[in-house]
2 protein chains.
Amino acid sequence: MKQNHSIEEIAKQLMAARSVILFPHIQMDGDALGSCAALCKALRCAGKEAVILTEDEVPEYLSFLDQGYCTMDSEAIHQPDVCMCVDCGEVVRFPKREKKFFQGKITICLDHHTTSTPFADYNFIDGSIAATAELVYKVIKAMGIPIDKEIGEAIFTGISTDTGNFQYSNATKESHLITADLYDAGIDHAKVAVQLYQNTRLEKIRITNRILDTLELFGGGKAAIAYVSQEMLRQVGAELSETEGVVETVRNVKGVEIGAFVKEQDGGRIKVSMRAKTTGNVAEIAAKFGGGGHVKAAGCTLYTNLQEACESVKEAIEESLKIKD
Amino acid sequence: MKQNHSIEEIAKQLMAARSVILFPHIQMDGDALGSCAALCKALRCAGKEAVILTEDEVPEYLSFLDQGYCTMDSEAIHQPDVCMCVDCGEVVRFPKREKKFFQGKITICLDHHTTSTPFADYNFIDGSIAATAELVYKVIKAMGIPIDKEIGEAIFTGISTDTGNFQYSNATKESHLITADLYDAGIDHAKVAVQLYQNTRLEKIRITNRILDTLELFGGGKAAIAYVSQEMLRQVGAELSETEGVVETVRNVKGVEIGAFVKEQDGGRIKVSMRAKTTGNVAEIAAKFGGGGHVKAAGCTLYTNLQEACESVKEAIEESLKIKD
């Protein structure tokens, strides 16, 4: 096992294989599934047997990507030549599929998470890349397989979701150059956007409303907090996963430097997501509660009730803001 | 007056001028002001006297673009060589500045609205372009002025706001290629995104919440409607302009094909915005009430009360959906 291989070496291994199983990470997102779908289609175009092996259901907003590629049957390919994890650089990110992964005659890891360490036979991990889909684009090019509309739309899904529609700081010149090239493949980017962003469950709108009703400014208007309880979720009929994005709304309030979103979990634990806008450091605050993350996006778990969790988090944020003043 | 001139001719006229007044449209948006700011900075870099003449205040979320360029004083340049309207192809879009505009020894119009008709001495109007900022990019290149960080960020603002962050159907391969080139100018796209999207007034969140509480599905779940009254705005302390974006949220509900947002205006009129997702035609519905617009985005004005307006609009939408069935 070498530390890092080239895109060309990985393309070569894939071209030499007759059968490939692709492994997206658990709780797959647009980049994980988009990357796998693009690879799966490309491999099938090249005459190979290829499937995407998952351990959870494809989220509905991404279901357009699964053109008969996804399976939860680990025996869909009995003895695969290649097992390849995509957008997923740690074994804990595919826990129920680990055994199957290492049954591959060759294992490959393609990822852009900085926390990943090489564990496969062939690894390409580059934390400076905005989306794994950009790496997939390069692998498919290196394999010499033409990028068609479907492959292009899957890659576009990965790039645009992982860059927050080209707004996050991880977006690069190359993200745009690759996307420009996908237009030549005939992608209908607006159709993809409808699939991704215009199918909001009414329950998601209802729960977002309820949560934002709890929004409270503190720390002299430099911080904001909102919460969700299990009771609120039950009343509206929403899933906790449908509260994704709320913490950004909380942070986006004018004048707010740090936003926190406190989520009562099923079973009594309290999860907290925090975001900083420009100068704040939420990784530091999360660390006080045994959590972690990045300077501008971090989280932690508290073992108490919702009200006490909110109070503790507010205190910690106020303290952190005072030190910065 | 010719129908359409080339980018090069317009660049030549600008380079020959000593003084230039730039005219964004009323209720300026990111493309109007971004385009003007980029041009103003470029013209000043080329040693020319240049200002942006407005008839309304710069919205706060765009204030970062105004590095001493904007003025409401029509005599800031007494006898301008060139008056140039930008992202604005109709005289009614700069009503209080019309007289000044035609005082220019030469008048220029640079625009991408399909409804525009040439009325200046030099016109470049191309409805196939996503954002006027893309045309500005070409004009500045043709003038031979290097694109610096500030100019690049102003152009990026225009492109990303007018394409809905590269998601709307108007975004093209060229939008991405130009943006890629702006990275070479050193733009901090994430900083621009913070300015544009992470300074939401708390009152905007509060009013959005109140409006979405009124959200109602009808037409067998294929349509949705929400409203805002003057009383709701007063209670929250929000402006009607802060309800922008709500109609998209209404349309984005899963299963909904047509979304309507009904707004009580100051003075009793009722404005209605409508959006269709894929197959609906809201221009047709708006036309029934004497309004207009595009197939997927249209609006109209009703002279009645809020409740009756909602009923009339619901009826018209239901009828339209039945015909499509």
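Fair warning: this is a prediction, and the values are worked out from it, not measured in the lab.

Glancing now at the overall build of chain A. Broken down by element type, chain A carries twelve helices and twelve strands. Rg of the C-alpha trace for chain A: 21 Å, near the compact-globule value of 20 Å for 325 residues, within the 12% margin. Here the C-alpha coordinates of chain A stretch approximately 60 × 40 × 40 Å along the principal axes. Burial status across chain A gives 56% buried among its 325 residues. Here the analysis covers contacts within chain A between residues at least 6 apart in sequence; of these, 65% occur between residues at least 24 apart. Working note: accessible area of chain A is about 13400 Å², and carbon and sulfur atoms make up 49% of it. Here chain A carries 35 positive and 46 negative side-chain charges, and the mean point of each set is 2 Å from the other.

What follows concerns the nonpolar core. L14(A), L22(A), M84(A), L14(B), L22(B) and M84(B) are the most contacted members of the largest nonpolar core, which has 111 residues in total. When sequence neighbours within four positions are dropped, the list of residues in contact with L14(A) reads V20(A), L39(A), L43(A), K48(A), V82(A), M84(A), I108(A), V139(A) and M143(A).

Residue and element names in this part refer to chain A. Packing of helix α4 (residues 132-143) against helix α5 (residues 149-162) leaves a shortest axis separation of 8 Å and a crossing angle of 150°. The angle between α4 and α5 places the two elements in the roughly antiparallel class. Where α4 approaches α5, its residues A133, E134, Y137 and I140 are matched on the opposing element by I151, I155, G158 and I159. Of the residues that constitute the contact of α4 with α5, the class distribution is six nonpolar, one polar and one charged.

Right, let's get into the UniProt feature "domain: DHHA1" (unreviewed entry) in chain A. Following the UniProt record, one finds the feature "domain: DHHA1" (unreviewed entry) at residues 224-319 of chain A. Split by type, residues 224-319 of chain A is 35% helix and 28% strand. Its first and last C-alpha atoms lie 14 Å apart.

Right, let's talk about the environment of A38(A) for a bit. All names here are of chain A. Topologically, A38 is positioned in helix α2 (residues 30-45). On the basis of relative accessibility, which here comes to 0%, the residue A38 falls in the buried class. Distance from A38 to F156, taken between C-alpha atoms, is 9.7 Å for residues 118 residues apart in sequence. Dropping the residues within four chain positions of it, A38 is found in contact with V136, I140, I151, A154 and I155.

Residue and element names in this part refer to chain B. The strand order across the open sheet built from six strands is β7-β8-β9-β10-β12-β11, with neighbouring strands paired in mixed fashion. Both edges of this open sheet fall to β7 (216-218) and β11 (292-293), since each of them pairs with a single strand only. When strand β9 (residues 258-264) meets strand β10 (residues 270-276), the two strands line up antiparallel, connected through seven bridges. Looking at the pairing, V262 lines up with V272 of β10.

A word on the environment of E203(B). All names here are of chain B. As for its position among the elements, E203 is in helix α8 (residues 202-213). Assessed through its relative accessible area of 26%, E203 is described here as partly exposed. Aside from chain neighbours lying at most four places away, what touches E203 is V236, G237, A238 and E242.

Under the fitted operation, chain A is carried onto chain B by 0.0 Å of movement along the axis and a turn of 180°, and the coordinates agree to an RMSD of 0.0 Å. As the rotation angle and translation indicate, the two copies are arranged about a two-fold axis.

Applying the stated criterion across every chain, the model contains zero disulfides over all chains. Its sulfur unpaired, C83(A) is 9.5 Å from the next cysteine sulfur, which belongs to C85(A). Judged by its relative accessible area of 0%, C83(A) is buried. The structure places no disulfide on C88(B), whose sulfur is separated from the nearest cysteine sulfur, that of C85(B), by 4.8 Å. Take C88(B): its relative accessible area is 1%, and that puts it in the buried class.

Residues and elements named next belong to chain A. At a closest axis distance of 10 Å, the pairing of α5 and helix α6 (residues 173-184) adopts a crossing angle of 155°. One way to sum up the angle between α5 and α6 is to call them roughly antiparallel. Crossing hand, α5 versus α6: left-handed. Where α5 approaches α6, its residues G152, I155, F156 and I159 are matched on the opposing element by S175, I178, T179 and L182.

Attention shifts here to the packing of aromatic side chains. Residue and element names in this part refer to chain A. Tallied over the entire structure, the rule returns 17 aromatic pairs over all chains. On the numbers, 6.1 Å between centres and 35° between planes, the contact of F94 with F119 is tilted. Of this pair, F94 sits in the loop between β4 (82-86) and α3 (98-101) while F119 is found in the loop between β5 (106-111) and β6 (122-125), placing the two residues 25 residues apart along the sequence. When sorted by exposure, F94 lands in the same class as F119, which is buried.

This paragraph deals with the side chain of K48(A). Residues and elements named next belong to chain A. Relative to the helices and strands, K48 is located in the loop between α2 and β2 (49-53). Of the side chains with opposite charge, D81 comes closest to the buried, unpaired K48, at an N-O distance of 7.7 Å. Only 2.8 Å separates the side chain of K48 from the backbone oxygen of M15, close enough to count as a polar contact. Ignoring anything within four residues of it in the chain, the contact list for K48 reads L14, M15, A17, R18 and L43.

Calculation criteria
- Residues numbered from 1 in each chain as written.
- Chains lettered and ligands numbered in written order.
- Predicted model: local features only at pLDDT ≥ 70, side-chain atom pairs only at ≥ 80, totals over all residues.
- Heavy atoms only, no water.
- Helix = DSSP H or I, 4+ residues; strand = E, 2+ residues; numbered from the N terminus.
- Rg over C-alpha atoms; globule rule 2.2 N^0.38 Å.
- Buried < 20%, exposed > 50% of the residue type's maximum accessible area, 1.4 Å probe, protein only.
- Contact = heavy atoms within 4.5 Å.
- Areas by Shrake-Rupley, 256 points an atom, 1.4 Å probe, with all protein chains shown as cover.
- Lys, Arg positive; Asp, Glu negative; His and termini not counted.
- Charge placed at Lys NZ, Arg CZ, Asp CG, Glu CD.
- Core = buried A, V, L, I, M, F, W, Y, C linked by side-chain atoms within 4.5 Å.
- Axes fitted to C-alpha atoms, helices over the stretch in contact; angles between N-to-C directions.
- Parallel < 35°, antiparallel > 145°, perpendicular 65-115°, else oblique.
- Nonpolar A, V, L, I, M, F, W, Y, C, P; charged D, E, K, R; others polar.
- UniProt positions renumbered as here; feature names shortened; annotations may be inferred.
- Pairing = 2+ DSSP bridges.
- Least-squares fit on C-alpha atoms with pLDDT ≥ 70 in both.
- Disulfide = S-S within 2.5 Å.
- Left-handed = near helix turned anticlockwise from the far one by under 90°.
- Phe/Tyr/Trp six-rings, centres within 6.5 Å; stacked < 30°, edge-to-face > 60°.
- Salt bridge = Lys/Arg side-chain N within 4 Å of Asp/Glu carboxyl O.
- Polar contact = N/O pair within 3.5 Å; in protein donor to acceptor, adjacent residues only side chain to side chain.

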